Every structure is written in C-alpha cells, then in structure tokens.
Amino acid sequence: MDVVVLLGAPGAGKGTTAIRMVDRLGCRHLSTGQMLRSRAARGTPDGKQAEALVAKGELVPDALIAGMVSEQLAEGDAELYLLDGFPRTVRQAERLAGVLETQRASLRMVVLLDVPKAVLARRLSGRLVCSDCGMVYHVETLKPEREGVCDRCGATLVTRRDDQPETVLRRLDVYEERTAPLIAWYETRGLLKRVDGDRSPDEVVVALAETIEKGP
Ligand code: AMP
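Residues numbered from 1 in each chain as written. Predicted model: local features only at pLDDT ≥ 70, side-chain atom pairs only at ≥ 80, totals over all residues. Heavy atoms only, no water.

Sorry, what's going on with the packing of helix 7 (residues 165-179) against helix 8 (residues 181-188) here?
A pair of packed helices can be characterised by two numbers: the angle between their axes and the separation between those axes. Packing of helix 7 against helix 8 brings their axes to within 5 Å, and their N-to-C directions diverge by 35 degrees. Across the interface between the two elements, Tyr175, Glu176, Glu177, Arg178 and Thr179 from helix 7 touch Pro181, Leu182 and Ile183 from helix 8. Here the residues of the contact of helix 7 with helix 8 are counted per class, giving 4 nonpolar, 1 polar and 3 charged. (Axes fitted to C-alpha atoms, helices over the stretch in contact; angles between N-to-C directions. Helix = DSSP H or I, 4+ residues; strand = E, 2+ residues; numbered from the N terminus. Contact = heavy atoms within 4.5 Å. Nonpolar A, V, L, I, M, F, W, Y, C, P; charged D, E, K, R; others polar.)

As structure tokens, then:
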C-alpha cells in the first residue's frame, strides 16, 4: 500500500485534482477537510468540536486528524491513497511516518501543487463544493452543467463557511507559517516533486498522473 501526499496552499487544487485522479486511476482520496466537514454535518461530538476551529481557519488538534487518517488507511482497500490536507505541519508529518509504519504502508512521494498567491485568492472566492462528493466548482471559471448541482453525483453545491474573505486570509497565513515548512522538510528527504498547478484541472491531472507513474 502506497501513499502520495498532495501538498499545496488552500486553493492550489488539491481536492479538485484528487477527485479526478480517483476517477482516472481508481486510487483512494483521503481529504481531512472533507472528513471534518462530513463529521460536522452528521453532528458527531468531534465534528462539532472541530467546526468552530475550521470556521476560523485554524488547525484542529493533531490527535483527531491522525486518528481519522489511520482509521481510513487501516481499511487497506486500495493500493494507492492520495492524502489531501494532511500532513499540515512538521509534527503531523512525523505522525504520518508513524502511522505508515504501523500500517506497513510507504510514502511514495509528496507532490507540491505550485500556484501563485494571486491566483489562490481568486480561486477561493467564488468556489463552490459538492455537499456530498466534495467535487469543486467555481462560479465563473469552473461552472457545473446545471446551476447548483454537482455534475459528478447530482448533490447540491454549497459555499464553504471557511471560504469567507477574512477566513481565507487567515488560512493562507496558517499555510505560510505552519504548512509551507513541509516543502523543505520533504525536499531534504528526497521525496518532493513539483507540479505546476496554475493550469486547467485536466492538465494538472495529466501532469500529476505522469509524476506519480514515473515514481520517486
Ligand atoms: P481543507 O478542506 O483541507 O481546506 O481543510 C479545511 C479545514 O479543516 C482547515 O482549514 C483546518 O481547519 C481543518 N483541517 C483539515 N486538515 C487538517 C489537518 N491536517 N490538521 C489540522 N486541521 C486540519
């Protein structure tokens, strides 16, 4: 069982690309943000506790996140897992290494989706997500075929609460402070690959698939 981590700022296209990769490669997509949103929607105690932090753009406690990820990996029902949104700090990267050891899985590579800052803010304002499968749309640049309805699964599209402008700024700061250091961390371990994410979703998917197939 192999794991590929998708690294990138909010709005870099991690979710957009990962869902398309699932349809293309049959791998599994593990999005910690999506897992938290679904727990909050179901009203589980940990989901409700995390909701306030998510709404403010802050990180939720490591233990909750690591627990959710290892639970999913323990199912072991795929050869390749795409991790989206985890790890987000160096401490989480260390935790991931421990989880992978326990599951006897290996980290094949970490792919950074590179997108200029100005593009990130534009993508996040006007973003819509499917309330069920997590597919990502944009009111101007990536419209669904039928307004308000997911092309992929037919569920309703919503605006994420943390896509409000003030929260977006906070999330971009949290990324710079806490997550961006992971780029150097993985680079020194020889695991980092870069993919230009400032292109159409289809082009990014092709580039990512090629990068993964080529191997480390
Ligand atoms: P995302 O869907 O990846 O943008 O995540 C949405 C929000 O969920 C983040 O802004 C955090 O509040 C929370 N979150 C997701 N993944 C993590 C993580 N690995 N560690 C801490 N908080 C997370």
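Honestly, the sheet that holds strand 6 (residues 136-138) in this entry has me stumped. Any pointers?
Strand pairing in a sheet relies on backbone hydrogen bonds. The paired strands run either parallel or antiparallel. Strand order in the open sheet formed by 3 strands is 6-5-7, and the pairing between neighbours is antiparallel. Edge positions in the sheet fall to strand 6 and strand 7 (157-158), since each has one partner strand and no second. Of the pairings in the sheet, the one linking strand 5 (residues 127-130) to strand 7 comprises 2 bridges and is antiparallel in character. Bridge assignment links Cys130 to a residue of strand 7, and that residue is Leu157. (Pairing = 2+ DSSP bridges.)

Is there a simple way to explain helix 8 in this structure?
Counting along an α-helix, one turn takes 3.6 residues, and residues three or four places apart therefore face a common direction. When helix 8 is considered as a whole, its buried residues turn out to be Leu182, Ile183, Trp185 and Tyr186. Looking down the long axis of helix 8, one finds its buried residues gathered within 165 degrees of arc, a one-sided arrangement. Against strand 1 (2-7), helix 5 (90-103), strand 4 (106-114), helix 7 and strand 8 (192-196) lie the buried residues of helix 8. Positive backbone phi, at 70 degrees, marks Gly190, one or two positions downstream of helix 8. (Buried < 20%, exposed > 50% of the residue type's maximum accessible area, 1.4 Å probe, protein only. Arc of directions from axis to C-beta.)

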